[in-house]
Amino acid sequence: MTACPDSSTASKSLWRHRDFRRYLTGQAASVAGSSISSMALPVLAVLHLDATPGQVAWLAFWGQLPPALLALHAGALADRHSKRRQMITGDLVSATALVTVPVAAALEELTLAQLMVVAVVHGAAGVLHDAAAISLLPTLVDRSLIQRGNSRIGGLFAIAATGGSSLGAALTALLGPARALLGDVGSYLLSAWCTARIQARETTPARTTQRRLRTEIAEGLRYVRDDHRLSVLTWVNATTSLALAVLNTLWALYLLRVLEMSATAFGVVLGTGALGAAAGALSAPAVTRRFGPGPMMLGALALTPLTQVPLLLASPALGWEIVIGGALFLQLACAGAAGTTQRSIRQIITEDYMQARMQAVSTWLTSGARPLGALLAGGLGTWAGVRPALIAGACLLVVPLVVLARSPLRALRQMPAPPPTPEGTGYTTGQPPAAAGPAVPAPGPAPAAEGDGRRHAVTHLNTGGTEAGPTAPALPEPRTAAPAPDASDLQVAAARTEMVARLEEAGDLHPGPVRDALLALPRETLMPQAYVRRSAPDEPPRWELLDWSRPDDREELLVLLHSGDSVSIQHEGEPILGRVSGVRSGGSMTAMSSTMGMTADLLQRLDLRRGQRVLDVGTGVGVTAAVASFICGHDGVVTLDIDRHVSEAAHSRLMALGCRPAVVTGDGLGGWPELGPYDRIFVSFAVPRIPPALVAQLAPGGRALMTLGTSSPSWPGLAVITRTPTSVVEAELVAVEFGHRGGAGFDRLFLSAAFRKQIAASEGGRTRRSRLEPPADTDRGMWLALDHLRPGLVRDFSAEDLTIGAPRCGSWVRARRVGDRCWEVTAVGPRDIWAEIQDVAGRWRAAGSPHTYRLEIDDDGVQRVTSRCGALSWTLTDASHTGTGATGELDPLLEKGDSHAC
């Protein structure tokens, strides 16, 4: 996070923090001014324009509509641009819209239509302003002071709102409602002036491409949905807002009409409630320190429904008026304390680049709940009466209590730690991302001593039938130091930045911690040697090992490492450390990196955060382990690979980066329970079914990702497994375009060069015409189902026409369009592949054309994939993991998706 230039930034007294004082003054003025408008506009409509009740309702409707429509867009804009500029723009637009009212009134041209337009513009400008204002606070003060800052903001805002209402009433009586709006105009000008004087430099995204606003909105929604803390607190806000909307809609009517409360007493009760809101907000930090934020919020939510009891039992009497005032004081004190705390938690745990969108999601849901609550209150009040409607609203206040009580946040004893903020990457205060140095900053706390035997230990597991056991407590020290790159640091940084920009342009990478890590990660340190194929596809393979330490190899290696393609690092299971460069003939590549597009996408789906425990199954070159260490801190990262040579090389190179994950050699399907359970599990090779051991090692609230496939590499699926906070395992299988290849022991099935030539020559083929159109390549859910329901088929993606073969029996089919809705189908062999495709396609369409399937994991080990409606299903078996090893080499030119581990 960017430090404020104000010397008081580090001060523990926020009142000495100049930027915070300016921010607080401007926002308090804006809140007070808004209270003037909320009173003056309806009075102006009723008393001066003779508005009917329906017209008054429409005026209120248009004023409340912008938050529901524009909150998400405003949050995305605030994360994209300067928040202060957006706040100032919102203030000036509001002032301009409101000043037209007294001008039109003075000219006797004021109409209800103008008031409604002003209400819409004023509301939209307020949404823009508030989205940026709420998310600016984490930029102004250190995150350890956020709760104290919110406490002061909440207390002052409650007082300002009450004072603004009183001031609005006085100005309306003294000047008239039209000229009273000039007080709000002045408040917006004061707010804009205070905001313009804030000197803190904002952290804004360093963008290489401009993305669609809806893409960034969807990113914000996923961000809140995927973080259980944010999602719980957001739903607590939304359900509380719904319940209070029901109560507030009928509250004034109930007090004034049913309980016959005088206008003076009503005003005193409202003032008492405002004092409660201020008291609750100001006392929140102290109460949180005493009881913990989780129990404090839980207690506040438990007390809130009880505060409605006096209201429901009351009768017209002075004593009941005092009791109702006290109950309202307690209710708003609870709301102020809980609201301040939950807002602080959300701001603390959210990265800077997502602050506004995170807040906007909450605003969108709460603003949408208010009109729904008003309609519900109106319907219940008309049908059952005012008191039953209030009872229903009080019962609804139990819902947010249940939501919080069922989440792990209920036991939160201290404010959470902020997410990591890598230096020199991703976010700038005037420096472009390319200026980032080539070295990775230390990703976490200092490692334990070598004698710990935990973070540096490599345990070799026997994967055969004998008992497994450790063979060595630690990896040997690197035999040779990682070579320092002699190429220009700027050239290396530029290549890395260009790779990241291409990933962003392709939609595989978005601003966030993964992007920051990839920008800072020197790939030449993880892969100082890499193979390139020097032979044609139809020639016997010949490979050359490039070496970063050789000046003649650097230029080609620099391009290769940052191309985003898979990089081969091991030939025929050889030792990786200490080898010499040169040419290797024959054989195949047995270890390589994943394509960066797929790696970036999957790492973002993991939603890595500081302090999480991560199990990386399939170490490969160590990219995933390095990124996880960079984001989560290396104390909780374990990376596991079955190949001892791969583990040794990864350990050496991760050490050179300053990363200290636990590097283990063993069977990835068994995981590593010694350091579990894990919040995130990532498997970077394909599996035929979900390994039960990995599911058992997934912590409550955790998530696991792995490619699930058959012996065919053509149509992979991404298995997403989660364990809910109540330890219920949920899983789904998503049809994806790219996936990892199978690991050791996976029965690989490919189309040989001879088989492809046979298909191209159409030797012995039977040709017929068909009016049935084959499914599109984008119908990935169908092809995924075909792969499992009709196994043994491999797609030739290099062919111009749809070409699919069954290598084990020699069958194949090729479909070529020859006219409008006419296809020429050529087939050979005992399998009628075309009929199989059409049969599965028909069943897939009947099931609703799903691309995502439920993945059910029974207690007895049975794993079943089903469509949502249950019309299409299959059972997963170990048939694709036979232990027979590879059956042939995959031609790199025909590779669909990715190979081996990250």
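None of these values were measured; they are calculated from a predicted model. (Residues numbered from 1 in each chain as written. Predicted model: local features only at pLDDT ≥ 70, side-chain atom pairs only at ≥ 80, totals over all residues. Heavy atoms only, no water.)

J.: Provide a residue-level description of the environment of Leu-136, including the pertinent values.
T.: Take Leu-136: it is sitting in helix H4 (residues 112–140). A relative accessible area of 1% means that Leu-136 is categorised as buried. Counting along the chain gives 58 residues from Leu-136 to Ala-78, while the straight-line C-alpha distance between them is 9.2 Å. (Helix = DSSP H or I, 4+ residues; strand = E, 2+ residues; numbered from the N terminus. Buried < 20%, exposed > 50% of the residue type's maximum accessible area, 1.4 Å probe, protein only.)

J.: Before we move on, could you go through the packing of aromatic side chains and cite the residues and values that matter?
T.: What characterises a pair of aromatic rings is the spacing of the ring centres plus the angle enclosed by the ring planes. Within the structure shown, the criterion is met by two aromatic pairs. Ring geometry for Trp-715 and Trp-783: centres 5.4 Å apart, planes at 10°, overall stacked. Of the two residues, Trp-715 is situated in the loop between strand E12 (698–708) and strand E13 (717–723) and Trp-783 in helix H25 (residues 780–789); the sequence distance between them amounts to 68 residues. The residues Trp-715 and Trp-783 share a single accessibility class, namely buried. A cation sits over an aromatic face here: Arg-290 above Phe-291, 4.9 Å from the ring centre. Of note, Arg-795 hangs over the ring of Trp-783, and the distance from its end group to the ring centre comes to 5.9 Å. (Phe/Tyr/Trp six-rings, centres within 6.5 Å; stacked < 30°, edge-to-face > 60°. Lys NZ or Arg CZ within 6 Å of the ring centre and 35° of its normal.)

J.: For the side chain of Asp-643, give the residues involved together with the corresponding values.
T.: Counting through the fold element by element, Asp-643 comes out in the loop between strand E9 (637–641) and helix H22 (644–657). Despite its burial, Asp-643 remains without a salt bridge, the nearest opposite charge being carried by Arg-644 at 6.8 Å. Polar contacts involving the side chain of Asp-643 include one to the main-chain amide nitrogen of His-645, which spans 2.8 Å. Each residue touching Asp-643, except ones within four places of it in the same chain, is listed here: Gln-570 and Thr-665. (Lys, Arg positive; Asp, Glu negative; His and termini not counted. Salt bridge = Lys/Arg side-chain N within 4 Å of Asp/Glu carboxyl O. Polar contact = N/O pair within 3.5 Å; in protein donor to acceptor, adjacent residues only side chain to side chain. Contact = heavy atoms within 4.5 Å.)

J.: I'd like to hear about the sheet that holds strand E18 (residues 811–819), residue by residue, with values.
T.: One open sheet holds the five strands; their spatial order is E15-E19-E18-E17-E16, and the pairing between them is antiparallel. Bordering the open sheet on either side are strand E15 (766–770) and strand E16 (794–795), each of which pairs with just one other strand. Summarising the sheet, E15 and strand E19 (residues 822–828) pair through five bridges and their orientation is antiparallel. Bridge pairing in E19 links Thr-767 to Thr-826. (Pairing = 2+ DSSP bridges.)

J.: Which residues make up the pattern of salt bridges, and what are the values?
T.: Counting across every chain of the model gives 21 salt bridges. The residue Glu-219 makes a salt bridge to Arg-357 at a minimum N-O spacing of 2.8 Å. Here the residue Glu-219 occupies a position in helix H7 (residues 213–226), and Arg-357 occupies one in helix H13 (residues 355–383), the gap between them amounting to 138 residues. A salt bridge links Arg-609 to Asp-607, with the nearest nitrogen and oxygen atoms 3.3 Å apart. Here Arg-609 and Asp-607 have matching classes, each one buried. Put simply, Arg-534, Glu-544 and Glu-556 are held in one network by salt bridges that share partners.

J.: Tell me what's going on with the packing of helix H10 (residues 293–306) against helix H15 (residues 398–405), and back it up with residues and numbers.
T.: At a closest axis distance of 8 Å, the pairing of H10 and H15 adopts a crossing angle of 160°. Regarding the angle of H10 to H15, the classification is roughly antiparallel. As H10 runs across H15, the sense of the crossing is left-handed. Taken together, the residues of H15 that come into contact with H10 (itself represented by Met-297, Leu-298, Leu-301, Ala-302 and Pro-305) are Val-398, Pro-400, Leu-401, Leu-404 and Ala-405. Across the contact of H10 with H15, the residue classes break down as 10 nonpolar, no polar and no charged. (Axes fitted to C-alpha atoms, helices over the stretch in contact; angles between N-to-C directions. Parallel < 35°, antiparallel > 145°, perpendicular 65-115°, else oblique. Left-handed = near helix turned anticlockwise from the far one by under 90°. Nonpolar A, V, L, I, M, F, W, Y, C, P; charged D, E, K, R; others polar.)

J.: Kindly report on the nonpolar core, identifying the contributing residues and their values.
T.: Among the nonpolar cores identified, the biggest contains 57 residues, and Leu-518, Leu-526, Leu-608 and Val-627 are the most heavily contacted of them. Broken down by secondary-structure element, the contributors of at least two residues to this core are helix H16 (489–505), helix H17 (513–520), strand E3 (529–533), helix H19 (551–561), helix H20 (596–606), helix H21 (623–632), H22 and E13. Top contributing element to this core by residue count: H21, with eight residues. Residue contacts for Val-627: discarding those within four places in its chain leaves Ala-517, Leu-518, Leu-521, Leu-603 and Leu-608. Core analysis: the next-biggest nonpolar cluster, separate from the first, contains 54 residues, Ile-721, Ala-735, Ile-804 and Ala-827 among them. (Core = buried A, V, L, I, M, F, W, Y, C linked by side-chain atoms within 4.5 Å.)

J.: Pulling in residues and values, what's your account of the sheet that holds E12?
T.: The 10 strands are arranged E10-E9-E8-E11-E12-E13-E14-E20-E21-E22 in an open sheet whose pairing can be described as mixed. Each end of this open sheet is capped by a strand with a single partner; those strands are strand E10 (662–665) and strand E22 (873–876). The mean inter-strand angle of the sheet, taken between neighbouring strand axes irrespective of direction, is 20°. Examined bridge by bridge, E12 and E13 share six bridges and lie antiparallel to one another. Looking at E13, one finds that Leu-705 is bridged to Val-720. Sheet strands touched by H25: E12, E13, strand E14 (729–735), strand E20 (852–857) and E22. Its angle to E22, the strand with the most contacts, is close to 55°.

J.: Go over the pairing of E13, please, and point to the residues and values.
T.: On any regular strand, side chains alternate: one points to one face of the sheet, the next to the other face. Burial of E13 is extensive: six of the seven residues sit out of reach of the surface. A loop of five residues connects E13 with E14, the two strands running antiparallel in sequence, and Ser-727 in this loop sits at a positive phi of about 70°.

J.: Can you tell me about the confidence of the model for the chain, naming the residues and giving the values?
T.: For the chain, per-residue confidence averages 77 on the pLDDT scale, and 80% of positions sit at 70 or higher. For the chain, per-element mean pLDDT is lowest for strand E2 (residues 427–428), which scores 34, and highest for strand E8 (residues 614–617), which scores 94. Throughout residues 421–487 the model reports pLDDT below 50, and contacts reaching past four residues in sequence, or to other chains, amount to 139 contacts. The low-confidence segment residues 880–902 (pLDDT under 50) makes 89 contacts with residues lying over four places distant or belonging to another chain. (pLDDT = per-residue confidence, 0-100.)

J.: So, unusual backbone geometry: which residues are in play, and what are the values?
T.: Omega for the peptide link from Gly-676 to Pro-677 comes to 0°, which places this bond in the cis form. Mapped onto the secondary structure, Pro-677 falls in the loop between E10 and strand E11 (678–687). One non-glycine residue, Glu-572, lies in the positive phi region at around 55°. Tracing the backbone through its elements, the reader meets Glu-572 in the loop between strand E5 (568–571) and strand E6 (582–585). Taking the relative accessible area as the measure of exposure, Glu-572 reaches 47% and is therefore partly exposed. One non-glycine residue, Ser-849, lies in positive phi territory at about 55°. Along the chain, Ser-849 turns up in the loop between helix H26 (833–846) and E20.

J.: Can you explain H15? Please cite residues and give values.
T.: Of all the residues in H15, the buried ones are Pro-400, Leu-401 and Leu-404. Along the axis of H15, the buried positions cluster into a sector of 105°, meaning they face one direction only. (Arc of directions from axis to C-beta.)

J.: Now, about the environment of Asp-616: what can you tell me, with residues and values included?
T.: Mapped onto the secondary structure, Asp-616 falls in strand E8. Given a relative accessible area of 1%, Asp-616 falls into the buried group. Residues Asp-616 and Ser-684, 68 residues apart in the sequence, show an inter-C-alpha distance of 7.8 Å. In terms of polar contacts, Asp-616 uses its side chain to reach the side chain of Thr-639, at 2.8 Å.

J.: Just give me the short version of the side chain of Arg-723, but keep the residues and values in it.
T.: For Arg-723, the position within the fold is in strand E13. Here Arg-723 falls in the buried class, since its relative accessible area comes to 14%. A distance of 2.7 Å separates the side chain of Arg-723 from the backbone oxygen of Leu-698, its partner in a polar contact. Reaching out from Arg-723, the side chain makes a polar contact with the backbone oxygen of Ser-727 at a distance of 3.2 Å.

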